[in-house]
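Overview (structure and organization)
Take a look at the letters that make up each chain.
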Amino acid sequence: MDCVFCKIIAGEIPCYKVYENDDVLAFLDINPISPGHTLIIPKKHTLDISSVDNETITKIMDVVRILRTRMENKLNIDGLTLIQNNGDAQEVKHLHFHLKPYYKDEKELSVEEIYNLLKED
Ligand code: AMP
C-alpha cells in the first residue's frame, strides 16, 4: 500500500518518534504549525474517523493524555489543540490526530531540541 504513514510505521521513512506502543505511534509533524506539533496514528491502517473502531480511538486518546502531560512538563506548553481531518480536508489518508501545542509567548526551538525534550526517557 502506498501510504506514507504505513512506511513510517515500517521504518522505511524516518521520523522523530516521540511515543510508541503495540498499537499506536506518535511522531513530530514534518511541517509544524507550532513547536512540538505531533501526529498520533494507529499502527493498523485505517482511513479516518468513520472507519476506526472505538477500541483504537481509546488507545489513541490514552496517548494524547500521555503526550499532553509530557508537553506540559518538557515544553512548558500553555495549551493544546487536537485536530483530526477527514475527507477533502485530510491530506494523508491514514487516520491521524494532530496535537498542536499552544504557547502564550513565542517559542524558538529547533526540531532536534524538541525531539530531545519530548522523546521517551
Ligand atoms: P492532514 O492529512 O491534512 O491532516 O495532515 C497531514 C500532516 O502530515 C501534515 O501536517 C504534514 O505536514 C504531515 N506529514 C506528511 N508527511 C509526513 C512525514 N513524512 N513525517 C511527518 N509528518 C508528515
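Shown above is the structure to which this text applies.
Let me begin by describing the structure that accompanies this report. Computed from a predicted model, the values in this text were never measured in an experiment.

1. Quick notes on the site of the ligand
Taken together, 15 residues are adjacent to the ligand, and D29, E91, V92, H96 and H98 come closest. One of the backbone N or O atoms of A89 is found 3.5 Å from an oxygen atom in the ligand. Notes on the ligand: free accessible area 510 Å², of which the protein chains cover 85%. Counting atoms within 2 Å of the grid points, the majority share of the ligand lands in the largest pocket. Taken together, the elements giving at least two residues each to the shell around the ligand come down to helix 1 (4-9) and strand 2 (24-28). Among the residues forming the shell around the ligand, the class breakdown is eight nonpolar, five polar and two charged.

2. As for the nonpolar core
In terms of nonpolar packing, the biggest core is built from 21 residues, with A26, I40, I60, V63, L67 and L118 touching the most fellow members. For this core, the elements supplying multiple residues, two or more each, are strand 1 (17-20), strand 2, helix 2 (54-74), strand 5 (97-102) and helix 3 (111-118). No other element matches the six residues that helix 2 contributes to this core. I40 has contacts with V24, L25, A26, I60, V63, V64, L67, L95, H96, F97 and L99, leaving out every residue within four places of it along the chain.

3. Focus: the pattern of salt bridges
One pass over the full model with this rule turns up eight salt bridges. For K17, the salt bridge goes to E20, with nearest N and O atoms at 2.6 Å. In this structure E20 comes out as partly exposed when scored by relative accessible area, which is 33%. Here K74 and D121 are joined by a salt bridge, their closest N and O atoms 3.7 Å apart. Taken as a pair, K74 in helix 2 and D121 in the segment after helix 3 lie far apart in primary sequence, 47 residues in all. When salt bridges that share partners are traced, they join K17, E20 and K43 into one network.

4. Examining the packing of aromatic side chains
Inspection of every chain in the model, using the stated rule, returns two aromatic pairs. When the ring of F5 is compared with that of F27, the centres are 5.4 Å apart and the planes differ by 80°; the resulting orientation is edge-to-face. Residue F5 is found in helix 1, and its partner F27 is found in strand 2; the two are separated by 22 residues along the sequence. In this pair, the class of F5 matches that of F27, namely buried.

5. Brief notes about the sheet that holds strand 4 (residues 79-83)
The strand order across the open sheet formed by five strands is 1-2-3-5-4, and the pairing between neighbours is antiparallel. Edge positions in the open sheet fall to strand 1 and strand 4, since each of these has one partner strand only. Across the sheet, the mean angle from the axis of one strand to that of its neighbour is 20°, orientation sign disregarded. Docked against the sheet, helix 2 engages strand 1, strand 2, strand 3 (38-42), strand 4 and strand 5, running at close to 155° with respect to strand 3. Most of the contacts of helix 3 go to strand 2, to which it runs at about 145°, and overall it touches strand 1, strand 2 and strand 3.

6. Considerations on the layout of surface pockets
The computed volume of the largest pocket comes to approximately 490 Å³. Taken together, 24 residues form the lining of the largest pocket, with F5, D29, I30, N31 and L39 sitting closest to its centre. Among the secondary structure elements, those contributing two or more residues to the lining of the largest pocket are helix 1 and strand 2. The biggest single contributor to the lining of the largest pocket is helix 1, with three residues. Reported here for the second largest pocket is a volume of approximately 150 Å³. What lines the second largest pocket is D22, D23, P42, K43, K44, H45, T46, S51, V52, D53, T56 and K59. Looking at the lining of the second largest pocket residue by residue, the class counts come to two nonpolar, four polar and six charged.

The rules we used
- Residues numbered from 1 in each chain as written.
- Predicted model: local features only at pLDDT ≥ 70, side-chain atom pairs only at ≥ 80, totals over all residues.
- Heavy atoms only, no water.
- Near = heavy atom within 4 Å.
- Polar contact = N/O pair within 3.5 Å; in protein donor to acceptor, adjacent residues only side chain to side chain.
- Areas by Shrake-Rupley, 256 points an atom, 1.4 Å probe, with all protein chains shown as cover.
- 1 Å grid on protein atoms, 1.4 Å probe; cavity = no way out; pocket = protein on both sides within 12 Å on 5 of 7 lines; lining within 4 Å.
- Sits in = over half its atoms within 2 Å of the grid points.
- Helix = DSSP H or I, 4+ residues; strand = E, 2+ residues; numbered from the N terminus.
- Nonpolar A, V, L, I, M, F, W, Y, C, P; charged D, E, K, R; others polar.
- Core = buried A, V, L, I, M, F, W, Y, C linked by side-chain atoms within 4.5 Å.
- Buried < 20%, exposed > 50% of the residue type's maximum accessible area, 1.4 Å probe, protein only.
- Contact = heavy atoms within 4.5 Å.
- Salt bridge = Lys/Arg side-chain N within 4 Å of Asp/Glu carboxyl O.
- Phe/Tyr/Trp six-rings, centres within 6.5 Å; stacked < 30°, edge-to-face > 60°.
- Pairing = 2+ DSSP bridges.
- Axes fitted to C-alpha atoms, helices over the stretch in contact; angles between N-to-C directions.
- Points joined across faces, edges and corners; volume = space filled by probe spheres on them.

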